[in-house]
Each structure stands twice: as C-alpha cells, then as structure tokens.
Number of protein chains: 2
Amino acid sequence: MTAEMHPSRWGDPAAAAPLPDTARELVRLAFGDLPAPAAEASGSRIAASAIDEDLLDGLRRIVGAEHVLIDDDLRRRRTRGKSTPDLLRNRAGDFAEAPDAVVRPADHDQVQALVAYAAAHRVAVVPFGGGTCVTGGLAARRDGLAGLVSLDLGRMTALRDVDPVSMTATLEPGLRGPEAEALLAGHGLTLGHFPQSFEFATIGGFAATRSSGQASAGYGRFDGMVVGLTAATPAGELRLGTAPASAAGPDLRQLLLGSEGALGVITSVTVRVRRAPEATVHEGWRWACFADGVAAARTLAQAGLLPTVLRLSDETETAVNLADPDALGGADGVGGCLMITGYEGTAEAVAARRAAVTAVLSGLGGTPAGEEPGRAWEQGRFHAPYLRDALLDEGVLVETLETATFWSGLESLHAEVTGALTGALDGALVLCHVSHVYETGASLYFTVAARQAADPLAQWQAAKAAASDAIRAAGATITHHHAVGTDHRQWYADEIGPVGVLALRAVKDALDPAGVLNPGVLVP
Amino acid sequence: MTAEMHPSRWGDPAAAAPLPDTARELVRLAFGDLPAPAAEASGSRIAASAIDEDLLDGLRRIVGAEHVLIDDDLRRRRTRGKSTPDLLRNRAGDFAEAPDAVVRPADHDQVQALVAYAAAHRVAVVPFGGGTCVTGGLAARRDGLAGLVSLDLGRMTALRDVDPVSMTATLEPGLRGPEAEALLAGHGLTLGHFPQSFEFATIGGFAATRSSGQASAGYGRFDGMVVGLTAATPAGELRLGTAPASAAGPDLRQLLLGSEGALGVITSVTVRVRRAPEATVHEGWRWACFADGVAAARTLAQAGLLPTVLRLSDETETAVNLADPDALGGADGVGGCLMITGYEGTAEAVAARRAAVTAVLSGLGGTPAGEEPGRAWEQGRFHAPYLRDALLDEGVLVETLETATFWSGLESLHAEVTGALTGALDGALVLCHVSHVYETGASLYFTVAARQAADPLAQWQAAKAAASDAIRAAGATITHHHAVGTDHRQWYADEIGPVGVLALRAVKDALDPAGVLNPGVLVP
C-alpha cells in the first residue's frame, strides 16, 4: 500500500515545503500583506461510525474482517477529495461526512459481492482510488440509507495481462500512476498518461473520470486508451470491449468511462499501451501574445503534426511562472506567452517530429526558447498541488478549474471566464493555459489566486459559480478533465439538457435501482 | 432528390452491367455450370397501405400533404435494405413488410413533431436515409402498433454551417456521400468518409450505424468525426457536443452514434472536416502470405505511420481480384497477398508519409507493385454491390460480412470464420481482407460466394449463423461497420451481455417509452 495523504493537504508529506521566497514576493506584490488564515483545527469533529454491527459483519464476510476498517484516522482520509473547498473544510476540522467504514476488496468478485450486498441492505458505496478528486466526487449523500462505506480499491493493484502483439494491457483499478508505469516498464511499455495527479491518482479513477494527461497530444485521453473494461454493478457484472472499434450499437464503454462510480465500480480496464520512449525532450517557445500561440497550437493540431506535449500559457501565467513580478497584470502582454512542446518516442521519431514542428512554429513567428523552460516545466509538473497548500497557509485562496470548447470560441471563452473570476474575486490573479489540444478545439485550464476572505469557502463558491455560468453561457463544457462530481452537477444538467439527464437517470436506475452507488454524484 | 435505387438491385440502373467474361470464367471454374436462378417475380405482392386515414391526416398536418406518400412503387423501395437476403426476398416479389406510408419532413422541428405524433398514436417509425443497410435495420416490427411509416430524410440535405477555424461542419442527415462532399468541396474541405455504400448512403446513416470508410486509416471512423449532434426523440430533443472532448460524464454522443434509429432520429451532425487533399495516390504491395501482410499493417498502425488507406487481401481474395483462376484455392498462397496503400493530403505530407511507409514496408519484406493495382482498386472501390447483382443473376449466392478483434486474435479469427463459412456452404469461395486497422487490432471483411441452393435465403441464413457463432466464440465483435439491425441482434446481446442489454433497454424505454422508433431493431 502506498503512502496515505494527509487529510488536509496534498501528496507526500516529505515532499511538501513552505512557500519559496520568490513566490512569497509575488504574493506580496499581488495581494499586499495578508493576515494569517485561521489556524488548522487541532482537534477535528468526526461522527462515530454509525453503521449497524450486523451490516459490518456482512461486509466482513465478503472481504475478511481485517479489510473492514472503522478507525477515525482512516475515515478522515476517506472523507473528501483534494479540491480547495475540500481542504478548507478539512483544515477547519469538519469531518462530519466521513464514511462509516472503509472496505477493501481483493478482486472483482468481492467488489461484485459488495455492491450486491450494499444494494440489498441499502448502504451507500463510494468507490475510492487515489482520493485526488477535485469536484466533490467523494461527497456522496446518505439520506435514507443505512450507512455509507468507502470502497477502497487499494488492494486491487495487479497488472493482469499484457498482450505485446495487440499492444494492450489489463490493469486493476487501484494501481496508482507510478505503480502502473513501473509494472508496464517491466515489459518495455508505457501508458503515457501523466495528469497532474499522476503520483497519487489511480487507474480506476482515470477511467471513471475521463482523465486527460499532460502528454495527451501524443498519447490521447484516458478514455481514448481504454479498449475494454469490467465493472461490478448491483444489476450484475459488465464486460465490454471485443475490438478496438465496433459498429455493434452504441459504444457502451463510453457510458462507463466518466460514470464516476455512480453506474458501477470499474474493476479492470484493458488499455492500449505504447513502447516506452527511447528519447524524451521538452523545450520552450515564446509567442508575442496568447492569440498567436493559440493559432500555432491549432495549426499543429489540424496539420496532424502534434508533439507529445503541447501547453501554452497566457500572458499572466507566463509572467508568474517566470517569476517576473514586473510583468504581472501587464494587459498588453509585456512578456508574451510561453509554450512548452515535448517529444517522446524512438530517437528517430522524436527527431523527425521535432524538426517538422519546429519548422511550423518558426514559420508562424514563434521564438525558440531552448530546453531550459522545458526542463523547468518537466521538473515541476506534478508540484502545483503542494504549492497550493503553501499558499493556503499564507492566506491566499487558490484553486483551479478547466473547460474546453471549439477553436473559434476559445479566445472569447478565455476572456469570459477570466472576467467572471476577476469580477467575483476582488483583486484576483487569473492564470490560464491551453492544456490539451484537438483538431477541432482545446481546453483552457485556469488557476485563480486571491486574498482569502473571512469565509474563503463561500468566497470560492461564489467565484466558481460565476466562472461556471460563464462557461455554460459560452456553450463550453463544464469540465474537460476534472469530472462532474457534486460541484458541477447543476451545470452538467444544463450541458446535456433534460433529455440527456433522462437517459443518464434511466441507466442509473437500471444498473443501480436501489441508488446506493455514489448517491448524489454525477447524475443530476 | 437523387435517383432512387431499384427495389431488388443496387445503385444506379445505368451503372449496372452483366457479369464480365473473366468473372464468368472464374464462376464456372469455382462452381461448375450453374442452373439459372428463379426468374425475378414480374408482379409483386405488396399489402395495401393499412394505416388509418385519420393518422395520415395527422402526418399531413405536420409535413404537408405532398410529403405523405402511399404509392406502391415508393413503398416497395422503402421496404428493406440491400443485404443479399433483402434482395432475394425482393426478387421473389415479397413486399409484405412494406411501410404504410412514406413521410418526408423538411427539418428538425418536423421530425420532432413526427416522432411525438407517432408516439402518441402508436405508429412505428423507420428512419430512412440511403436505404443501403445490410443488416435488416429497416425491417422494423409493427406488432400491436397502428401502422408503420418510413421517415424519409431525403429533404434534409443542407450544409448548415461551416466553421473554418474549428474545422467543423454541420450537416443534415439526408445528404448522400457525394452530395456532402460536393458541398464541402465548395469550401475547400472534405469529410474523407468513403464506405463502399458512399454513392447512396447518407450522413444520418453514417452516424446511426457507426460507419467506417475505406480511408479510415487516415480520416478515422465516422463516429470519431462527430463532435456534436441533434436528435429528435419522443421524450424531446437532444443537443450534444460542447467541445471536442469532455470529462462531463459519460459521452452521450456515443450513445446516439450507433443507435440505428431506435433511440432517436438524428437530425444533424457536426463533424470534424479536413482540407480537401492536394494530392492522392494509391499503390500496391505484395506479401508472401497473409500473416506477413498483417504483421506489416500492425507495424504501421503501432508506429503511428498509417497511410490514408490501408487494405490487405488474403490469398484467395488476391487471386480472385487478380482474376487468376489457377491460384484459386491454393492453400499455400501461390500468388501471395495484395495490399493497397493510399495517401491523401498536401503534396508534401503525401511525399513524407509515403516515404516513411515505403521504408517500413520494404524493410518488412514487402514488394512494391506500383500504382496500377492502386488505380484498379480506386476505380472499382464502389462497384462490388453491382457485381453482386450480376452474380445473383447467374445463380451464385454472394454476400459479405465483417468483424474486428485485437491483433493477437486476428489470424485465428480469420481461420475460424473461413472454416465456419466453408463448413456451412458446400464448395464456397471465401475471400477476406483487412479493411480497417487500429493500434490494437483490425477488422476482417469477408466475401462469400457459393452455388445457389433451391432456397438461397435459408442457405445463407445457415451460413451467416455459423459465421456469427464463430465470431462470438472467438470473442470478436459481431460487426465492425455494418451495425446490428435485426440480423445481428442475437449475437449483439451475447456481445454486450445481460447488463449491457439492461442499460440499453433502459435508455430505449426512457427516450421512446411507446416503443415506436424502429421497433425490433438493435435493442435485444
């Protein structure tokens, strides 16, 4: 079992660090002197496990007594995910929503038995992988149910099968990103899926949330990698995936991908894998302005000439990332915009693609910035959540959100969401980057920082609502890779419309008639 | 309105031709002298339109009286699709299943009104595009309903919108392949979707059946091109697609793609388009055996070096296509296997990809066969269905079927299906080619020819069942690009399992509670 995260902080405690001096100076310049935030609650409120002993016995019969855990410390760590609202509540010592028990099945059959038992006895089940959710996807309701258990997939960590001819691998859902990569590396393979949560998030979570990684330009989205899956539902088990593609009806795999534990518990996925790269290089490009960089990214995507990694920061993010306080808020983009391009593959393929991309970017007016910005990005690529903890400690409210739309609407979406956030958060700093690109559009990933108000939770909720309204008003998706959870449900209902909601509820009612799987999550 | 096809034959009557002499000689060598088949019925049995005049009036109020048609000739042409069983029944003059009326809506709102009216009055609705279905997808049941109407989308043929920045276009469902391409060509664009049915099949049909075209290696499958869609359902309208990709729940677009008119009527799709190619070239490669060619196709797919078209015939198909009777049935593949590679794009992109592919194929032992085989394939690419009519005229039973699986199972699938077909059809000739390739697998497309028995319909049904059983026993998909219809329903139920069927039925019941949309099609 990998290290547990602190309930109120990200990641490995050993990797956490106080705010670096340059960042502290930026914060002072942006927000002035900040009052210290409320101290973290030393004690914490957690309700006693309220589930009947009979039900616990039933769960114990399925997974073994040693795998049904009710200690407060573990229940605290299974209470929420890692959104800023989650951290704020946890820092305040509020664990009122803790699960009654943590249940740790060993395999698909135990998961199947657990969901059947939970349905029969009306116990809510919250599948738990890495606990990195940032949209309230672990905050299931228990109204009218006999209890709520966290179904911890941490024991299901096998690489079940490798098919080196088809280039597929079958992975269990509890594998964290680095564990999956290490097992595949033993076969000379890689998944190529590196979201910011990579170090802690799990295969099951990637599938259940339609995750997208930093190398998606080269490796694709996680939902595009999945060619087969098994899931346990109260209605029985589901085994899908007979071919890379099929015309046999709707693609039901795409119904389980993104189902966030509300339709079934994903117990294995068969994914397309690639050969581990011989060569990897990241480098930087400078653009005069965001619009020029966006046009360049679009040109690459539409020419079929994408690098493996493609990321473009707007003027503000570029200035902040380069720790260039003078450029902050320069409306005319004093420092321009930084793009990161990365290449992975055989040495030959990397050289060929790099040369082709370089020719296009140079032709469009990009200025090569060498490998140093690429290295800096690569080294810090999983570090931002630690930085958030340090900023929260200093009294800065910081959170991220993301969306996607078609290219023709991207710049106006950028302006509308930025405007909504600065309108809702006085003096906020709003950074943005294009994080994932496609032929027809791209995603925008926003980072927001502001002075913490007296009630930072309410402060953020108002800003998030304003940004979400702006996203939907622009016709964009409420989430490109963070899923729906509970936080996005209202805007998700608007996005798929009443008939979409009807279809989704119908599937939910068919697979989970007792409504015990992640109640209140995803399904509007 | 484009030309109507003959009810019992494929395509444009002007393009039909008797069997060429070389083919006639091949037939004689393969099957000996054949008795002439039963003459086509000169009269034909068609039930009178049995729908109430009140209901017809209701339909007329929605679309206008001139767009509700009940003449026998048109009803015959809307009775079935173009599978060999369909043609055999139609040739025998059996139009017992003809629709009561053909209704031709002008736009989405009329379709929406029609499905609502049909649901309220329990009238079965069969969406009709090009009528090229080969899986019984137009053979809806009318049990217990007040009538059955063919919802002909032939008036909905607009290119509604082009977004040259996002490289998307919004197309109406009644557009046939060439019409859509002609409209897009006006903007310098192409869809790149060229299934064998291209000349007659429609955009709505491509979407509703997850169609895949001959250039899928370069342009992808139709379901991969769709970024947005609208559909009319009895429960209301559905508008999906806010971004190229999203993590906002299951991808509901993928539920309508492949829904075969049973969940809703697709009234527009927004698809990714590409710039019309500057250059196009097709060429041939020879391989010593099918296994070598398959390995080469797999290498290209897994190296990310696919041409735009990639097709590999097995030994028998190669021999037949080269009209080389001596090689027929040569178990050791006297003539080897022919691969067709095609390239489309800018002159520069074509040259670069062609050079890279050539290097790989040469390195793997392929022998270049020049552009002549490529030209021959290109010229004949939409002609096979005409050839089928001519063969049926000569007393040859001929039909196709297709499947797909992962690479490691492909050769055994090829052997199993071939064995099932030759086992069921005495003296049959079974040709096969790899028609679509992916990183993790490929499709197999079989063409079967045999002496027609006294009851060719029963003869084919037995062979089709044997092949379908073999496909499912091998764990492959029952259809790669021909959809489920009524013919595949039994094996489709096996493929998605009882819980998959439960989910699909739940969506059907939610969107079409009266069960009037293509009853009996798709949903097991």
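Read on for an overview of the structure. (Residues numbered from 1 in each chain as written. Chains lettered and ligands numbered in written order. Predicted model: local features only at pLDDT ≥ 70, side-chain atom pairs only at ≥ 80, totals over all residues. Heavy atoms only, no water.)

So, the overall build of chain A
Inclusion rule: Going along the chain from the N terminus, every DSSP run of H or I of four or more residues is numbered as a helix, and every run of E of two or more is numbered as a strand. The atom set for the radius of gyration is the C-alpha atoms, and the globule formula is 2.2 Å times the number of residues raised to the power 0.38. Categorising residues by exposure relies on relative accessible area from a 1.4 Å probe, with only protein chains included: less than 20% of the type maximum marks a residue as buried, more than 50% marks it as exposed, and the intermediate range marks it as partly exposed. Should any heavy atoms of two residues lie within 4.5 Å, those residues are considered in contact. Residue-level accessible areas treat just the shown protein chains as cover; the underlying method is Shrake-Rupley with a 1.4 Å probe. Charge assignment: positive for Lys and Arg, negative for Asp and Glu; neither His nor the chain ends contribute. Where a charge sits is defined by one atom per residue type, namely NZ (Lys), CZ (Arg), CG (Asp) or CD (Glu).
Along chain A, the regular secondary structure elements total 18 helices and 20 strands. Its C-alpha atoms give chain A a radius of gyration of 23 Å, within 12% of the compact-globule value 24 Å for 524 residues. Taken along the three principal axes of its C-alpha coordinates, chain A extends 70 × 60 × 45 Å. Taking all 524 residues of chain A together, the buried fraction comes to 60%. Once local pairs closer than 6 in sequence are excluded, the contacts in chain A between residues at least 24 apart make up 77%. Entry remark: accessible area of chain A is about 18,000 Å², with carbon and sulfur atoms responsible for 52%. Charge-centre separation for chain A: the mean point of 42 positive side chains lies 3 Å from the mean point of 62 negative side chains.

Quick look at the packing of aromatic side chains
Residue and element names in this part refer to chain B. Rules: Any pair of Phe, Tyr and Trp rings, taking the six-membered ring for Trp, is counted once the centres come within 6.5 Å. Such a pair is stacked with planes under 30 degrees apart, edge-to-face with planes over 60 apart, and tilted for the rest.
Following the criterion strictly, the structure yields 8 aromatic pairs over all chains and no others. When the centroid spacing of 5.7 Å and the interplanar angle of 80 degrees are considered together, the rings of Trp10 and Phe200 count as edge-to-face. One end of the pair, Trp10, is in the segment before α1 (21–31); the other, Phe200, is in the loop between β9 (189–190) and α7 (203–208), with 190 residues separating them in the sequence. Here Trp10 falls in the buried class, since its relative accessible area comes to 6%. Residue classification places Phe200 among the buried positions, given a relative accessible area of 7%.

Some remarks on the pattern of salt bridges
As a reminder, the rule being used: Each salt bridge in this description consists of a side-chain nitrogen of Lys or Arg and a carboxyl oxygen of Asp or Glu lying within 4 Å of one another.
Tallied over the full model, the rule gives 60 salt bridges over all chains. Close ionic contact of A:Arg24 with A:Glu394 constitutes a salt bridge, the shortest N to O distance being 2.8 Å. Residue A:Arg24 is found in helix α1 (residues 21–31), and its partner A:Glu394 is found in the loop between α15 (384–393) and β18 (396–406); the two are separated by 370 residues along the sequence. Residue A:Glu394 is classed as partly exposed on the basis of its relative accessible area of 26%. B:Glu283 is paired through a salt bridge with B:Arg354; the nearest N and O atoms lie 2.7 Å apart. Taken as a pair, B:Glu283 in strand β14 (residues 279–287) and B:Arg354 in helix α13 (residues 347–363) lie far apart in primary sequence, 71 residues in all. Through salt bridges with shared partners, a single network forms among A:Glu283, A:Arg354, A:Glu371, A:Glu372 and A:Arg375.

A short note on the relation of the copies chain A and chain B
Quick reminder of the rule: The copies were overlaid by least squares, fitting only the C-alpha atoms of residues that reach a pLDDT of 70 or more in each copy.
Screw-axis analysis of chain A against chain B gives a translation of 0.0 Å along the axis, an RMSD of 0.0 Å, and a rotation angle of 180 degrees. This pairing of chains is accounted for by a two-fold axis. If distances are taken from each C-alpha of chain A to the rotation axis, the shortest is found for A:Ala506, at 2.7 Å. Most of the interface of chain A is mirrored in chain B: 100% of its interface residues are interface residues there too.

A word on the interface of chain A and chain B
Spelled out, the test is: Once two parts are joined, some of their accessible surface, as seen by a 1.4 Å probe, is lost; buried area is that loss totalled over both. Three classes are used: nonpolar for Ala, Val, Leu, Ile, Met, Phe, Trp, Tyr, Cys and Pro, charged for Asp, Glu, Lys and Arg, and polar for all others, with Gly counted as polar.
At the interface, 75 residues of chain A touch 75 residues of chain B. Summing the contributions of chain A and of chain B, the shared interface buries around 5,300 Å²; its carbon and sulfur component is 66%. Across the salt bridge formed by A:Arg274 and B:Glu439, the nearest N and O atoms sit 2.7 Å from each other. Class assignment for the residues of the side of chain A that touches chain B results in 37 nonpolar, 24 polar and 14 charged.

Quick notes on the nonpolar core
Inclusion rule: In this description, a nonpolar core means a group of buried Ala, Val, Leu, Ile, Met, Phe, Trp, Tyr and Cys residues linked to one another through side-chain atoms lying within 4.5 Å.
Judged by nonpolar contacts, the single largest core of 234 residues is most densely connected at A:Phe222, A:Leu421, B:Phe222 and B:Leu421. In this structure, B:Leu421 is in contact with B:Leu401, B:Ala428, B:Val430, B:Phe446, B:Val448, B:Trp460, B:Ala463 and B:Ala467, ignoring residues within four places of it in sequence.

Observations regarding the sheet that holds strand β16 (residues 337–345) of chain A
Residues and elements named next belong to chain A. What counts, and what does not: In this scheme, strands are said to pair when DSSP sees at least two bridges between them. Axis lines are fitted to C-alpha atoms, over the contacting stretch for helices. Their N-to-C directions set the angle, which ranges from 0 to 180 degrees.
With antiparallel pairing, the 7 strands of this open sheet are ordered in space as β17-β14-β16-β15-β19-β20-β18. Lying at the two open borders of the sheet, with one neighbouring strand each, are β17 (367–370) and β18. Each adjacent strand pair in this sheet contributes to an overall mean axis angle of 25 degrees, direction not counted. Sheet analysis places strand β19 (residues 429–437) next to strand β20 (residues 441–451), joined by 7 bridges and oriented antiparallel. Bridging across to β20, Val434 finds its partner in Leu444. Lying over the sheet, α1 contacts β18, β19 and β20, oriented at roughly 80 degrees with respect to β20. Against the sheet, helix α11 (residues 290–302) engages β14 (279–287), β15 (309–313), β16, β19 and β20, with an angle of about 160 degrees to β15.

Remarks on the environment of A:His482
Quick note on the threshold: Here a polar contact is taken to be a pair of N or O atoms separated by no more than 3.5 Å, where protein atoms must pair a possible hydrogen donor with a possible acceptor and residues adjacent in sequence count only if both atoms sit in side chains.
With respect to the helices and strands, the residue A:His482 is situated in the loop between α17 (456–473) and α18 (489–511). Every residue in contact with A:His482, bar those within four places of it in the chain, is listed here: A:Val134, A:Thr135, A:Thr400, A:Glu402, A:Tyr445 and B:Ala247. Polar contacts involving the side chain of A:His482 include one to the side chain of A:Glu402, which spans 3.2 Å.

Quick look at helix α18 (residues 489–511) of chain B
Cut-off, in case you're wondering: Multiply 1.5 Å by the residue count of a helix minus one, and that product is the helix's expected span. The bend reported for a residue corresponds to the angle between axes fitted to the seven residues ending at that residue and the seven starting there.
The end-to-end C-alpha distance of α18(B) is 20 Å, clearly below the 33 Å that 23 residues give at a rise of 1.5 Å each. At B:Gly497, α18(B) shows its maximal kink, close to 105 degrees; a proline, B:Pro498, follows between one and four residues later.

A short note on empty space enclosed by the protein
Over the atoms rolls a probe the size of a water molecule, and its path tells where empty space is left. Keep this limit in mind: Grid points spaced at 1 Å and placed over the protein atoms alone form the basis of the search, with a cavity being a set where a 1.4 Å probe fits but cannot get out and a pocket an open set showing protein on both sides within 12 Å along at least five of seven lines. Lining residues have an atom within 4 Å of a point. Grid points are joined across faces, edges and corners, and a volume is the space filled by probe spheres set on the points.
For the structure on display, the rule yields 10 cavities of 30 Å³ or more. If you add up the space inside the largest cavity, you get close to 190 Å³. Along the walls of the largest cavity sit 16 residues, with A:Ser246, A:Ala248, A:Asp251, A:Leu252 and B:Glu495 positioned nearest its centre. At 3 residues, α18(B) tops the list of elements feeding residues into the lining of the largest cavity.

Focus: the state of the cysteines
Residues and elements named next belong to chain B. Applicable threshold: Only a pair of cysteine sulfur atoms within 2.5 Å qualifies as a disulfide here.
One pass over the structure, following the stated rule, counts 0 disulfides over all chains. Between Cys337, a cysteine without a disulfide, and Cys289, which holds the nearest cysteine sulfur, the sulfur-to-sulfur distance is 6.7 Å. In this structure Cys337 comes out as buried when scored by relative accessible area, which is 0%.

Details of the sheet that holds strand β11 (residues 236–240) of chain B
Residues and elements named next belong to chain B. The 5 strands are arranged β7-β8-β12-β10-β11 in an open sheet whose pairing can be described as antiparallel. Only two strands of the sheet have a single partner each, and these edge strands are β7 (159–163) and β11. With strand direction ignored, the average angle separating the axes of adjacent strands in the sheet is 10 degrees. Direction of pairing for strand β10 (residues 226–233) relative to strand β12 (residues 265–272): antiparallel, over a ladder of 6 bridges. Note on β12: the bridge partner recorded for Gly228 is Thr270. Helix-sheet contacts for helix α5 (residues 108–121) involve β10, β11 and β12, and the interaxial angle to β10 is about 45 degrees.

Observations concerning the side chain of A:His481
All names here are of chain A. In this structure, His481 sits in the loop between α17 and α18. Accessibility expressed as a relative area gives 12% for His481, which makes it buried. A distance of 2.8 Å separates the side chain of His481 from the side chain of His480, its partner in a polar contact.

Things to note about the side chain of A:Thr479
Along the polypeptide, A:Thr479 turns up in the loop between α17 and α18. Note on A:Thr479: relative accessible area 0%, which makes it buried. Of note is the side chain of A:Thr479, whose polar atom sits 3.0 Å from the backbone nitrogen of A:Ala483. Not counting residues within four places of it along the chain, the set of residues in contact with A:Thr479 comprises A:Glu402, A:Val484, A:His488, B:Ser246, B:Ala247 and B:Ala248.

Thoughts on the packing of helix α4 (residues 84–91) of chain B against helix α15 (residues 384–393) of chain B
Residues and elements named next belong to chain B. Keep this limit in mind: In these notes the angle categories are as follows: under 35 degrees is roughly parallel, over 145 is roughly antiparallel, 65 to 115 is roughly perpendicular, and the rest is oblique. In a left-handed crossing the near helix is turned counterclockwise from the far helix by less than a right angle, and in a right-handed crossing that turn is clockwise.
At a minimum axis distance of 12 Å, the contact between α4 and α15 shows a crossing angle of 50 degrees. Relative to α15, the element α4 is oriented oblique. Here α4 and α15 pass one another in a crossing that is right-handed. Side by side, α4 and α15 meet where Thr84, Leu87, Leu88 and Arg91 of the first sit next to Arg388, Asp389, Leu392 and Asp393 of the second.

Without other data, these values stay purely geometric and don't point to any function.
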